[in-house]
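Chains, contacts and geometry: an overview
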Amino acid sequence: MVRIEGGAFRMGSDEFYPDETPVHERTVDTFELDLHPVTNEQFAAFVEATGYVTVAERPLDPADFPGADPAELVPGGLVFSPTPGPVDLRDWRQWWRWGAGASWRQPFGPGSSVDERLTHPVVQVSFEDASAYASWAGKRLPTEAEFEFAARGGLDGARFSWGDDEFPDGKLMVNRWQGSFPYRNTGAAGWVGTSPVMTFPANGYGLFDVTGNVWEWTTDYYAERHVPPGTVAVDAETRPNLLAAASAEPGSRIPRRVLKGGSHLCSPDYCLRYRPSARSPQADDTATTHIGFRCARDVA
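Each chain carries its own residue numbering, running from 1 in the written order of its sequence. pLDDT decides what is reported in this predicted model: residues at 70 or higher carry local features, side-chain atom pairs at 80 or more are listed and counted, and totals for whole chains, interfaces and linings draw on all residues regardless. For side-chain calculations, the full set of non-hydrogen atoms in the structure is used, while hydrogens and water are omitted.

Focus: the overall build of the chain
Helix and strand assignments follow DSSP, with helices taken as H or I runs no shorter than four residues and strands as E runs no shorter than two, numbered in order from the N terminus. Regarding its fold elements, the chain presents four helices and 13 strands. Put simply, the radius of gyration uses C-alpha atoms, and a globule should come to 2.2 Å times the residue count raised to 0.38. Over its C-alpha atoms the chain spans a radius of gyration of 19 Å, differing by no more than 12% from the 19 Å that the globule rule assigns to 300 residues. With the C-alpha coordinates aligned to their principal axes, the bounding extent of the chain is approximately 50 × 50 × 40 Å. Long-range pairs, those at least 24 residues apart, make up 72% of the contacts in the chain with a sequence separation of at least 6. Accessible surface computed for the chain: about 13,900 Å², of which carbon and sulfur atoms make up 51%. Charge assignment in this entry is limited to Lys and Arg as positive and Asp and Glu as negative, and neither His nor the chain termini are counted. To locate a charge, take atom NZ for lysine, CZ for arginine, CG for aspartate or CD for glutamate. Charged side chains in the chain number 27 positive and 41 negative. The centres of these two groups are separated by 3 Å. Between two residues, a contact is recorded if the distance between any of their heavy atoms is within 4.5 Å. Using a 1.4 Å probe, accessible areas were evaluated by the Shrake-Rupley method; residue-level cover was limited to the displayed protein chains.

Right, here's the structure in full:
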């Protein structure tokens with residue numbers, strides 16, 4: 001892990017997407033953060049030691065899906081599938097599909113494997129799965145503020161985790177989509193999809209893959225704009241419950257958390273979110289081929 005000395009910083013951005021606003025000052029205490037996202041090899045050790053079964057591997061309860069054919073309620077996760085050509089980028093369902101049988105062991109469903117990807121970030125893990133791993137490891141998941149502070153690497157207000165120039169000296173600094181999304185990807189440093197952790201340069205704090213490669217879970221509930229502490233006039237015990245309820249999509253009771261860092265699917269023409277201030281909502285029970293995590297730890 002890397003020790004991150006606490007301090008104040010400007011969180012958010014007013015250059016890109018509305019949910020990154022408003023820019024405001026936040027302070028974090030000193031903490032430790034994993035050098036890189038948790039890998040398949042590390043997650044496998046956790047599963048072997050504990051017998052843990054991920055959300056994507058568990059049977060689905062018909063009571064949670066009223067009206068659905070029980071025969072179709074098969075465990076799995078969301079799998080990215082490139083389209084044959086250009087499509088309407090407003091409809092994400094054109095490149096995401098339900099992958100029956102998909103899990104961290106076989107991210108794209110039966111027939112896929114992580115045997116040759118042990119040093120890649122683990123994917124197809126839900127918030128519950130990530131939290132369980134962190135607890136087993138004697139750690140926890142980071143807050144959104146901690147993740148953004150660490151991802152900035154000491155560059156307060158910079159667009160990227162390495163500065164304002166996306167390609168310093170013409171160099172690709174991050175695993176993100178190369179080509180036209182969602183149908184043509186020529187690969188980042190030869191990698192289409194996830195890449196082994198530490199393939200791309202570390203930021204100023206020595207952290208790898210804090211942007212790009214995989215989105216990463218944080219503990220914060222999602223809101224359409226930043227809600228700095230103190231802006232909601234309720235007591236400390238009530239605030240999390242209100243934020244959890246407000247984070248869910250209309251018609252759903254499942255809270256959504258903030259994902260940070262962007263992923264290999266981020267593209268300048270669709271999702272320019274491989275930046276420290278970028279954020280994305282995801283329901284706690286969701287597992288996909290582009291979401292992973294890393295752990296944090298308090299410093300005594």
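Notes on helix H2 (residues 127-136)
An α-helix turns once per 3.6 residues; consequently, residues spaced three or four apart project the same way. Taken residue by residue, H2 has Phe-127, Asp-129, Ala-130, Tyr-133 and Ala-134 as its buried positions. Take H2 and look down its axis: the buried residues cluster within an arc of 165°, on one side only. Summarising the contacts, the buried residues of H2 are in contact with helix H1 (40-50), strand S9 (215-221) and strand S10 (256-260). Note on exposure labels: buried denotes an accessible area under 20% of the residue type's maximum, exposed denotes more than 50%, and partly exposed covers the range between, all computed with a 1.4 Å probe on protein chains only. For this quantity, the arc is that covered by the directions from the helix axis to the C-beta atoms.

Brief notes about the pattern of salt bridges
Any Lys or Arg side-chain nitrogen found within 4 Å of a carboxyl oxygen on Asp or Glu counts as a salt bridge. As enumerated under the stated definition, the model contains 18 salt bridges in all. Put simply, Arg-257 and Asp-284 hold a salt bridge, and the shortest N to O gap is 3.0 Å. Here the residue Arg-257 occupies a position in strand S10, and Asp-284 occupies one in the loop between strand S11 (279-283) and strand S12 (291-292), the gap between them amounting to 27 residues. Residue class for Arg-257 comes out buried when judged on its relative accessible area of 9%. Among the ionic contacts, a cluster of salt bridges with common partners joins Glu-144, Glu-148, Arg-152, Lys-260 and Arg-279.

Quick look at the packing of H1 against H2
All axes here are fitted lines through C-alpha atoms, helices being fitted over the stretch that makes contact, and every angle between N-to-C directions spans 0 to 180 degrees. Viewed as axis vectors pointing N to C, H1 and H2 meet at an angle of 75°, and their least axial separation amounts to 11 Å. In terms of their interaxial angle, H1 and H2 are classed as roughly perpendicular. Mapping the contact onto sequence places Gln-42, Phe-43, Ala-45, Phe-46, Ala-49 and Thr-50 in H1 and Asp-129, Ala-132, Tyr-133 and Trp-136 in H2. Here the nonpolar group is Ala, Val, Leu, Ile, Met, Phe, Trp, Tyr, Cys and Pro; Asp, Glu, Lys and Arg are the charged ones; every other residue, Gly included, is treated as polar. A per-class count over the contact of H1 with H2 returns seven nonpolar, two polar and one charged. Angular relationships are summarised with four words: roughly parallel below 35 degrees, roughly antiparallel beyond 145, roughly perpendicular across 65 to 115, and oblique for the angles in between.

Some points on the environment of Pro-86
Its location among the elements puts Pro-86 in the loop between strand S5 (76-80) and strand S6 (96-100). According to the relative accessible area criterion, Pro-86 is exposed, its value standing at 66%.

Quick notes on the nonpolar core
Counting residues in each nonpolar core, the largest one holds 28 residues, and the members touching the most others are Val-38, Phe-43, Val-122, Tyr-133, Leu-141, Trp-217 and Phe-293. Only H1, H2 and S9 provide two or more residues apiece to this core. By residue number, the principal contributor to this core is H2, which donates four residues. Setting aside its immediate chain neighbours within four residues, Val-122 contacts Val-38, Thr-39, Asn-40, Phe-43, Trp-104, Ile-291, Gly-292 and Phe-293. What makes a nonpolar core is a set of buried Ala, Val, Leu, Ile, Met, Phe, Trp, Tyr and Cys residues whose side-chain atoms join them at distances within 4.5 Å.

Describing the packing of aromatic side chains
Pairing of aromatic side chains requires ring centres within 6.5 Å, counting the rings of Phe and Tyr and the six-membered ring of Trp. Pairs whose planes differ by under 30 degrees are stacked, by over 60 edge-to-face, and all others tilted. Under the counting rule described, the total for this entry stands at 21 aromatic pairs. Taken together, a centroid distance of 5.3 Å and an interplanar angle of 50° make the contact between Phe-46 and Trp-136 tilted. Here Trp-136 lies in helix H2 and Phe-46 lies in helix H1, a separation of 90 residues in the sequence. The exposure class assigned to Phe-46 is buried, which follows from its relative accessible area of 2%.

Considerations on the sheet that holds strand S13 (residues 296-298)
The strands that make up a sheet pair up through hydrogen bonds in the backbone, lying either parallel or antiparallel. DSSP-based pairing: two strands are paired if at least 2 bridges between them are found. Strand order in the open sheet formed by three strands is S1-S4-S13, with antiparallel pairing between adjacent strands. Strand pairing shows two members of the sheet lacking a second neighbour, strand S1 (2-4) and S13, which therefore form its edges. On average, each strand axis in the sheet is tilted by 30° relative to the strand beside it, whichever way the strands run. Of the pairings in the sheet, the one linking S1 to strand S4 (residues 31-33) comprises three bridges and is antiparallel in character. Considered in S4, the bridge of Ile-4 is made with Phe-31. The strands touched by helix H3 (residues 144-152) are S1, S4 and S13; relative to S4, the strand with the most contacts, the crossing angle is about 70°.

All we've got here are geometric facts, nothing functional implied.
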